[in-house]
Amino acid sequence: MNDYPMYIDGGFCEASDGGRFDSVNPATGLVWATAPAATEEDVDRAVRAARRALHEGEWATMTPTQRGKVLFRLADLVEEHAEILGSVETTDSGKLAVETRGQSAYVAEYYRYYAGLADKIQGATLPIDKPDMHVYTLAEPIGVVAGIVPWNAEMLLTATKAAPALAAGNTVVIKSSEEAPAPVLEFARLVDQAGFPPGVFNLITGFGEPCGRALTSHPLVSRVSFTGGADTARHVVVNTANNFAHLSLELGGKSPILIFDDADLGGAVNGAVAGNFGASGQSCVAGSRVFVQSGIYADFIDEVVKRAEAVRIGDPLDADTQMGPLATREQRDRAEAVIAESIAQGATLHTGGRRPDGFDAGWYFEPTLLACPDQDIRSTRVELFAPVMSALKFETEEEGIALANDTEFGLGSGVFTQNLARAHRVARAIHSGIVWINTYRAISPVSPFGGFGQSGYGREAGLDVMHEYTRTKAVWVNTSQEPMANPFVMR
Ligand code: NAD
């Protein structure tokens, strides 16, 4: 059993009331770790520590270059410990170790990207339209940043929030998910070694109520970066009415993949498999509505069935496994219920839809393909967070685009075609924050990530996000020899 502490103000600690909660290994259904259940008092302590570190002490007086060096050190530590970070994430969330270990190593690149930006955040000298005035802007840290992360990519999503925030000179309180608290607490050991002054980088664990609520509504928090579900996001929007914190929301999706007759079938099937069965479908960018042009529809269905039935389901820590369990029993039960409802509405089950034989423990589920006559079928509308692909047939490009855009979400999308002009035409026409052409589920610190509509607003990663972690101050300097003139007339 691993009894992890939290990390507040440069020290490892318990919850103020000693409360802890269990974390279950989804591959076994058994408790393998416990974490502190942060109270409102703990949240307040973490936010006050972050606020102190922002204005007093070493972090406040460090040059941006020095701050960047601390982030570079953290990146090296993350890379060195990628194996253990990945293993902990796998044991806690059920995601494949081959993915979590690789992703942990790649998370180092997020810290490096923003470490390098720390001393490149600039204000401007303005060509002001008034004589004898020198006006410039400062890009200041925005304040204490609260990051709320879900369970499905904790190391990565902690980095997409903390790395730009810290590079801009802010201080941070990250709350990890109650479903998988361990990765962030394992990571706390590296934060402790990296050399951040106390209070700069705090990592807490707990439930939405009281911990998430107290953090996002805290009067000393200036910026909230939230990743999670839309219903929770609605609470967070209300919470930030208390502190007027700037807010970004990275929510879910029901992302479309459009496959045209002229696509390379093998590549398109790989894209659809990656978008639906990768990470057992537990990805915010899961491409779970797959629109296939009629000419290759039958071949596509046959190919996906073959691929789905060959998927190696098993222990996510095993290097040969291709699909591990779902993270929670509730998700598996929900997938079963939505599949049953979709079949009753007229969908055809081509493969999967059940728990695999021989997996009595853990929340395993077979890769599933449903052919859907239209988007009145429930599986085409709700985010399932399970390996369930809904395939639909279309005839023309216009029809495919219209079907793809018939959604309240707008996070990811995929286009598979060999026709260059069509690829770019469709990319423009699709309403989503990310479009992948002849590929799927690729990410980078260099490329903005985020959605439209019910998928949220604001962006993570990329250069532009630095504006979301700084505040602009305009400084006016009177450069004339004369004292200030008539005080009753605006200059
Ligand atoms: P969730 O909304 O249940 O929880 C997310 C986080 O919010 C958790 O840490 C939770 O403790 C916290 N929370 C709960 N109530 C709160 C409150 N009142 N105030 C503040 N925080 C509160 O989501 P989940 O089930 O952990 O994650 C799955 C969801 O996350 C899916 O919808 C998925 O699409 C989304 N997601 C989005 C992205 C993206 O980048 N767009 C990435 C990963 C996951």
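Residues numbered from 1 in each chain as written. Predicted model: local features only at pLDDT ≥ 70, side-chain atom pairs only at ≥ 80, totals over all residues. Heavy atoms only, no water.

Let us now look at the packing of aromatic side chains. One pass over the full model with this rule turns up 12 aromatic pairs. Considering the side-chain rings of tyrosine 111 and phenylalanine 187, the 6.0 Å spacing of their centres and the 25 degrees angle between planes classify their relative orientation as stacked. Residue tyrosine 111 is found in helix H5 (residues 97–117), and its partner phenylalanine 187 is found in helix H7 (residues 182–194); the two are separated by 76 residues along the sequence. The interplanar angle of 85 degrees and the centroid separation of 5.4 Å between the aromatic rings of phenylalanine 260 and phenylalanine 394 together place this pair among those described as edge-to-face. One end of the pair, phenylalanine 260, is in the loop between strand S13 (256–259) and helix H10 (265–276); the other, phenylalanine 394, is in strand S17 (residues 388–394), with 134 residues separating them in the sequence. Of the two residues, phenylalanine 260 and phenylalanine 394, both sit in the buried class. Linked through ring pairs, Trp59, Tyr111, Phe187, Phe196 and Phe201 together constitute an aromatic cluster. The aromatic ring of tryptophan 59 is capped on one face by arginine 67, whose charged end is 5.8 Å from the ring centroid. (Phe/Tyr/Trp six-rings, centres within 6.5 Å; stacked < 30°, edge-to-face > 60°. Helix = DSSP H or I, 4+ residues; strand = E, 2+ residues; numbered from the N terminus. Buried < 20%, exposed > 50% of the residue type's maximum accessible area, 1.4 Å probe, protein only. Lys NZ or Arg CZ within 6 Å of the ring centre and 35° of its normal.)

This part is about the pattern of salt bridges. With the rule as written, the count across this model stands at 30 salt bridges. Among the ionic pairs, glutamate 99 bridges to lysine 95, the shortest N-O distance being 3.7 Å. One salt bridge connects aspartate 406 with arginine 381, and the closest N-O pair in it is separated by 3.0 Å. Of this pair, aspartate 406 sits in the loop between helix H13 (397–405) and strand S18 (414–416) while arginine 381 is found in the loop between strand S16 (368–371) and S17, placing the two residues 25 residues apart along the sequence. For aspartate 406, a relative accessible area of 36% gives the class partly exposed. When its relative accessible area of 31% is taken as the criterion, arginine 381 is described as partly exposed. Salt bridges sharing common partners tie together Asp76, Glu79, Glu109 and Arg112. (Salt bridge = Lys/Arg side-chain N within 4 Å of Asp/Glu carboxyl O.)

On to the site of the ligand. Neighbouring the ligand are 30 residues, the closest being Lys175, Glu178, Thr232, Leu251 and Glu383. Within the contact set of the ligand, an oxygen atom lies 2.6 Å away from a side-chain nitrogen or oxygen of glutamate 383. Only strand S9 (171–176), helix H8 (208–216), strand S11 (221–227) and helix H9 (230–243) provide two or more residues apiece to the shell around the ligand. A per-class count over the shell around the ligand returns 12 nonpolar, 13 polar and 5 charged. When residues of the shell around the ligand are assigned to domains, at least three fall in each of domain 1 (2–250 + 461–475) and domain 2 (256–437). (Near = heavy atom within 4 Å. Polar contact = N/O pair within 3.5 Å; in protein donor to acceptor, adjacent residues only side chain to side chain. Nonpolar A, V, L, I, M, F, W, Y, C, P; charged D, E, K, R; others polar. Domains from an automatic or database assignment.)

Turning our attention to the sheet that holds strand S6 (residues 125–126). As summarised here, the arrangement of the 3 strands in space is S6-S7-S21, forming an open sheet in which the pairing is antiparallel. Strands with a single pairing partner mark the edges of an open sheet, and in this sheet they are S6 and strand S21 (470–478). Sheet analysis places S6 next to strand S7 (residues 133–141), joined by 2 bridges and oriented antiparallel. Bridge pairing in S7 places leucine 126 opposite valine 135. (Pairing = 2+ DSSP bridges.)

Glancing now at the sheet that holds strand S5 (residues 30–36). Through backbone hydrogen bonds, the strands of a sheet pair up, either in parallel or in antiparallel fashion. Taken in spatial order, the 3 strands line up as S1-S5-S4 in an open sheet, and their pairing is mixed. Edge positions in the open sheet fall to strand S1 (2–3) and strand S4 (20–25), since each of these has one partner strand only. Pairing of S1 with S5 involves 2 bridges; the strand directions are parallel. Across the sheet, the residue bridging to aspartate 3 is threonine 34, located in S5. Contacting S4 and S5, helix H4 (residues 82–93) crosses the sheet at an angle of about 90 degrees to S4. (Contact = heavy atoms within 4.5 Å. Axes fitted to C-alpha atoms, helices over the stretch in contact; angles between N-to-C directions.)

Take unusual backbone geometry next. Put simply, glutamate 209 and proline 210 share a cis peptide bond, and its omega is 10 degrees. With respect to the helices and strands, the residue proline 210 is situated in helix H8.

For the protein chain, the assigned domains read domain 1 (2–250 + 461–475) and domain 2 (256–437). Computed over C-alpha atoms only, the centres of domain 1 and domain 2 are separated by 32 Å. Carbon and sulfur atoms make up 64% of the surface buried where domain 1 meets domain 2, a total of about 1,400 Å² over both sides. On the domain 1 side of the interface with domain 2, the three residues burying the most area are Pro26, Leu96 and Trp151, jointly 34% of the side's total. Remark: the boundary between domain 1 and domain 2 carries 0 salt bridges. Taken together, domain 1 and domain 2 are joined by 3 residue pairs in polar contact (both at pLDDT 80 or more). Elements with a minimum of two residues in the side of domain 1 that touches domain 2: H4 and H5. Class assignment for the residues of the side of domain 1 that touches domain 2 results in 6 nonpolar, 8 polar and 5 charged. (Buried area = accessible area lost by both parts, 1.4 Å probe.)

Looking now at helix H1 (residues 40–55). Think of an α-helix as turning once every 3.6 residues; residues three or four places apart then point the same way. If you check H1, its first and last C-alpha atoms are 23 Å apart, about what 16 residues at 1.5 Å a residue would give, namely 22 Å. Taken as a whole, H1 has its buried residues at Asp42, Val43, Ala46, Val47, Ala49, Ala50, Ala53 and Leu54. One side of H1 carries all its buried residues, which in axial view fall inside an arc of 155 degrees. Exposed residues on H1 whose side chains face more than 90 degrees from its buried face are Glu41 and His55. Positive phi shows up at glycine 57, right after H1, with a value of about 80 degrees. (Expected span 1.5 Å × (residues − 1). Arc of directions from axis to C-beta.)

At a minimum axis separation of 8 Å, helix H6 (residues 154–167) and H7 run at an interaxial angle of 60 degrees. Of the possible angle classes, the one that applies to H6 and H7 is oblique. Considering how the two elements wind past one another, H6 and H7 form a crossing that is right-handed. Where H6 abuts H7, its residues Glu154, Met155 and Thr158 lie against Pro183, Val184 and Phe187. Residues of the contact of H6 with H7, tallied by class, amount to 4 nonpolar, 1 polar and 1 charged. (Parallel < 35°, antiparallel > 145°, perpendicular 65-115°, else oblique. Left-handed = near helix turned anticlockwise from the far one by under 90°.)

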